[in-house]
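One letter stands for each residue in the lines below.
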Amino acid sequence: MEAISKRFNYLFNSTKGLILVAIAMVALVTAIWGMLSGPMAEMGVREVVVKALGMDLVQAEREGRIIILYHSIAMAIVAIETYMITGLLKMKQFFKTAINSIITVGYLMTMIFGMGFAYFGHNWAFHGLYIAGLSLIFFAGVLLVIALWPWNPEYYVTDKQYARTKKGVSLERVAFFATALTTVISALFGAVPGSFFGNGFEVFLAENIIRYPEKTTMEYSVIGHLHIMLALIAIMITLIIGRWLNFRGILHKWAMPLMILGTIVLNLGVWGVVTPLEPIAHMIIYVGATPSMLAALLLLIWSWNKLIKDGTAHLRKPNFGQKLSALVRDPLKFGPTWQMLFMNFTTSGIGIFMAIRLDEIFRVWPAREERIELTGHWHVLSAIIATIILMYYGDMLGLKGKVRQLYGWGIIVLSDIAFAAVTVFEMKRLFISEAEQQPLVNALMYAIDFGLGMLLVLLAVVMVWRLIDLFKPKGRWTEEVDHELAQEVMK
Amino acid sequence: MKHFITMSLRAKRSNLPVRWDCFVAALLAMTLITSCAPVDLNAPMPTFNTGIDPSAWAQIPAGEFYQGQHDKVAYTDAYEIMVTNVTVGQYADFLTAAGVDGSIQIEDGKVVGYYPGDVFRAVKHEEKIGAGDYLYIPFDDPSLRIVATTKITWGAQQGYENHPMTMVTWFGALGYCQYYGWRLPTELEWEKAARGPATGENPERPFPWGDEITRENANYYASRDPFEDMSSFGSRTSPVGFYNGQKYGDYQTLDSASPYGLYDMAGNVWQWTGDVYEGMHYRFMRGGSKDTYEMDLRIWVRNNATPTYYSPGVGFRCVR
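Visitor: Which parts of the structure should I look at to understand the pattern of salt bridges?
Guide: Side-chain pairing between opposite charges can occur once the charged atoms of the two side chains come close. Considering all chains together, one arrives at 30 salt bridges over all chains under this definition. A salt bridge links Arg62 of chain A to Glu63 of chain A; the nearest nitrogen and oxygen atoms lie 3.9 Å apart. By relative accessible area, Arg62 of chain A is classed as partly exposed at 21%. Of the charged contacts in the structure, one is a salt bridge between Glu187 of chain B and Arg286 of chain B, with a shortest N-O distance of 2.8 Å. Linking Glu187 of chain B in helix α5 (residues 187-195) with Arg286 of chain B in strand β13 (residues 283-286), this pair joins segments that are 99 residues apart in sequence. An identical accessibility class is assigned to Glu187 of chain B and Arg286 of chain B; each is buried. The network of salt bridges with shared partners includes Asp330, Lys333, Asp395 and Arg404 of chain A.

As structure tokens, then:
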């Protein structure tokens, strides 16, 4: 009994244990539900999975199922980011315990009962518990905002290497606070139309209504919600990675005000879509996105510079090759910012190109082609965020030597092969006709499936290893139970 | 430079297992090679007689039906709709007749015809469709299945006679229907014809034949029908009315007619509909196609494109 109690304590009362559970849950859902679409469906795997698990897939409810699936995965990711924040930033122990407990119960309820309701018949008690789970996550978010309050003198910084006000208010903490606060508010932009449409179960996917010239306020709210939530999750992971790497110096002083400004303006733009500001909302969004992305670029420049300097400190005059070698020596520290850079080719670049040439190119194509671009680029953004989390998690595990190299480069190479292939797939109509596309589509599908499939295998290996470790009386988990992320911030 | 390459290789050797590098490189090379394989757009097409008459019409009585994903009750007056999509053979006959009497013009490798234009309201993203000649079909596209039989007559490419007409724009579809005094169906008419009346059996069905879809019901992406080869040209159209319960060689189909006896109301080709909506130049298509997954074959799913769009996966049928 004591053995079980100790392991339960590790899994649900330590930051690393909580992150492990959430990653395992996301991996499980991704592995199973990934078999219901795309090439897996073509090969007949979906039919086997549906029968084996006793799923009940009513055709008219597909959109509703997908929305619950997205929310189930997203809530676990939000929980992981929250654990990282409570583990990295100073806050009162009461808040830390309360936030972690509430969000854990919340995302597990959301995931278990939401998926149970959506895919295994309509048990209405499950639906209620799914909504209760989402409400708990919202409440945990409110607590997090309170806990992050940056104008508490306890959290003032004195070190001049970090961005701060004259009084000592940490601008990095303000950035975390602003992101958390706007996330909580933006959640309402999904909750309100969710109740409105869900009341009559008249759900829709935003990508299916993009070309309609007249949209209702509630429809705009859904579109705004999904865009801003993903953007805020991306901004938050950027801040988390910055904290883990101990981002500081002059670039930190420039980056944090930009991040705060960008987050607030971006949110105002997105919220504006449900107000009379709608016609200029996109312009406000561009204005907000620019400083946020610039702040991420400053983090990248700082971290790459640091990796190079640390890796060549023993050399008097390192040449380019030696600098490059130092930069890529540790994939887990190089990878997160590399993925942020790569994101510009697969997500931001595509988005900007689409926005600029929308009427000339993309809206000449059928709506279904435009849908591929839209869903493709935000799936890639979500997956990039996931890979960044996995790389940070690899460091938390204390992976060393060849295992660290294999894990880190495995994530980078496999995911980037898949993401690059998805990007080419999205844009294929620019250079190949429908009639002649099949060999290219096949090749891209192989690349996507290979990349994502092997990535999941890699993740499965890690999960199995951690599961086996839990059975050991003095496994790695016994060391992790008391470790806090703040202790492991880079020097 | 040499020093840099040596250093880079050393760095790689120290960080990445060499076999892993080779594997990834081989994969990328394979991807590149396979993606560059040429596609034979005129690969032999199996020919089957489906026994379905493409000149037949179905009677749709006035009355209510369940419209859309959320089953709203809607009403239409009575009309007749083609049992199948317009075939390549039928469209070739139209080109011949309309070319002779001057209803269409053939110029610069394309067929064009007159359209009186839409009311332009300058709504965001709306493009003006003024009065003028518009593209019906392009003759210079190798995916077109119509060939010249003489200087003034046209015919279907061998094997495609009873396949749905594709590579036709919305103007080309409308032009065909109007030439014979017919019109394109509205979205409501199309949907009712696919779903059946509100008083019928299973009136909320997602597919024209019922609740579930199998590969033997319709021609969709990777449905393993006799016309597709996913390793080269991919999915191709099937003859109109192919999914009627007949066995073609070893391939057994299921009878997948709609409650009113229409074929191919799910899959094979997207079908242009006739509605022109305020503030929008897009035209809507229904039914899904050989190139889409099953989800797009559900009765309520909509697709849209500019009216000059044409594709090997888009066709039409008429109402009167």
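Visitor: So what exactly am I meant to see when it comes to the sheet that holds strand β15 (residues 314-315) of chain B here?
Guide: Strand pairs in the sheet, formed through backbone hydrogen bonds, run parallel or antiparallel to each other. Residues and elements named next belong to chain B. The strand order β14-β13-β12-β15 describes an open sheet built from four strands, whose pairing is mixed. Each edge of the open sheet is held by one strand with a lone partner, namely β14 (302-305) and β15. Running at roughly 5 degrees to β13, α5 makes contact with β12 (270-272), β13 and β14 of the sheet.

Visitor: How should I be thinking about helix α8 (residues 171-199) of chain A in this particular structure?
Guide: An α-helical turn contains 3.6 residues, so any two residues separated by three or four positions project in the same direction. If you check α8 of chain A, its first and last C-alpha atoms are 42 Å apart, about what 29 residues at 1.5 Å a residue would give, namely 42 Å. Positive phi shows up at Phe201 of chain A, right after α8 of chain A, with a value of about 55 degrees.

Visitor: What exactly am I supposed to notice about a nonpolar patch on the surface here?
Guide: Taken together, the side chains of Leu277, Ile280, Met283, Tyr286 and Val287 of chain A present a nonpolar region at the surface, about 480 Å² in accessible area. Within the secondary structure, Ile280 of chain A is located in helix α11 (residues 278-311).

Visitor: For this particular structure, what's the right way to read the interface of chain B and chain A?
Guide: Interface size, as often reported, equals the accessible area lost upon joining of the parts. Each side of the interface is counted separately: chain B has 62 residues, and chain A has 52 residues. Summing both sides of the interface, chain B and chain A together bury roughly 4,700 Å²; the carbon and sulfur share of this comes to 55%. Counting every contact that joins chain B to chain A gives six salt bridges. Note that Asp296 of chain B and Arg368 of chain A form a salt bridge whose closest N and O atoms lie 2.8 Å from each other. Seen at the junction of chain B and chain A, the total is 24 residue pairs in polar contact (both at pLDDT 80 or more). Elements with a contribution of two residues or more to the side of chain B that touches chain A: α1 (2-15), α2 (18-35), β13 and β14 of chain B. It is α2 of chain B that contributes the most residues to the side of chain B that touches chain A, seven residues altogether.

Visitor: Would you take a moment to explain the nonpolar core for this structure?
Guide: Among soluble globular proteins, nonpolar side chains are generally buried collectively. Counting 142 residues, the largest nonpolar core has Met84 and Tyr107 of chain A as the members making the most contacts within it. The element contributing the most residues to this core is helix α9 (residues 217-244) of chain A, with 13 residues. If near-sequence neighbours (up to four positions away) are discounted, Met84 of chain A is found in contact with Ile19, Ile237, Ile240, Ile389, Tyr392, Met396 and Leu485 of chain A. Counting 47 residues, the second largest nonpolar core, distinct from the first, contains Phe94, Met165, Phe242 and Val314 of chain B.

Visitor: How should the packing of aromatic side chains be read in this particular structure?
Guide: When we look at a pair of aromatic rings, we describe it by the centre distance and by the angle of the planes. Tallying each qualifying case throughout the model produces 51 aromatic pairs over all chains. Ring geometry for Tyr176 of chain B and Tyr180 of chain B: centres 5.1 Å apart, planes at 65 degrees, overall edge-to-face. On the basis of relative accessibility, which here comes to 3%, the residue Tyr176 of chain B falls in the buried class. Judged by centre distance (5.0 Å) and plane angle (75 degrees), the rings of Phe227 of chain B and Phe242 of chain B are edge-to-face. Here Phe227 of chain B, found in the loop between α5 and β10 (247-248), pairs with Phe242 of chain B, found in the loop between α5 and β10; they are 15 residues apart in sequence, far enough to count as distant. We classify Phe227 of chain B as buried; its relative accessible area is 0%. Linked through ring pairs, Trp57, Tyr91, Phe94, Tyr176, Tyr179, Tyr180, Trp182 and Phe316 of chain B together constitute an aromatic cluster. Lying over the aromatic face of Trp465 of chain A, Arg466 of chain A brings its terminal NZ or CZ to 5.5 Å of the ring centre. Directly above the aromatic system of Phe284 of chain B lies the positively charged group of Arg302 of chain B, at a separation of 4.0 Å from the ring centroid.

Cut-offs applied
Residues numbered from 1 in each chain as written. Chains lettered and ligands numbered in written order. Predicted model: local features only at pLDDT ≥ 70, side-chain atom pairs only at ≥ 80, totals over all residues. Heavy atoms only, no water. Salt bridge = Lys/Arg side-chain N within 4 Å of Asp/Glu carboxyl O. Buried < 20%, exposed > 50% of the residue type's maximum accessible area, 1.4 Å probe, protein only. Helix = DSSP H or I, 4+ residues; strand = E, 2+ residues; numbered from the N terminus. Pairing = 2+ DSSP bridges. Contact = heavy atoms within 4.5 Å. Axes fitted to C-alpha atoms, helices over the stretch in contact; angles between N-to-C directions. Expected span 1.5 Å × (residues − 1). Patch = residues over 30% accessible without salt bridge, like charges linked within 9 Å, V, L, I, M, F, W, Y side chains within 5 Å. Areas by Shrake-Rupley, 256 points an atom, 1.4 Å probe, with all protein chains shown as cover. Buried area = accessible area lost by both parts, 1.4 Å probe. Polar contact = N/O pair within 3.5 Å; in protein donor to acceptor, adjacent residues only side chain to side chain. Core = buried A, V, L, I, M, F, W, Y, C linked by side-chain atoms within 4.5 Å. Phe/Tyr/Trp six-rings, centres within 6.5 Å; stacked < 30°, edge-to-face > 60°. Lys NZ or Arg CZ within 6 Å of the ring centre and 35° of its normal.

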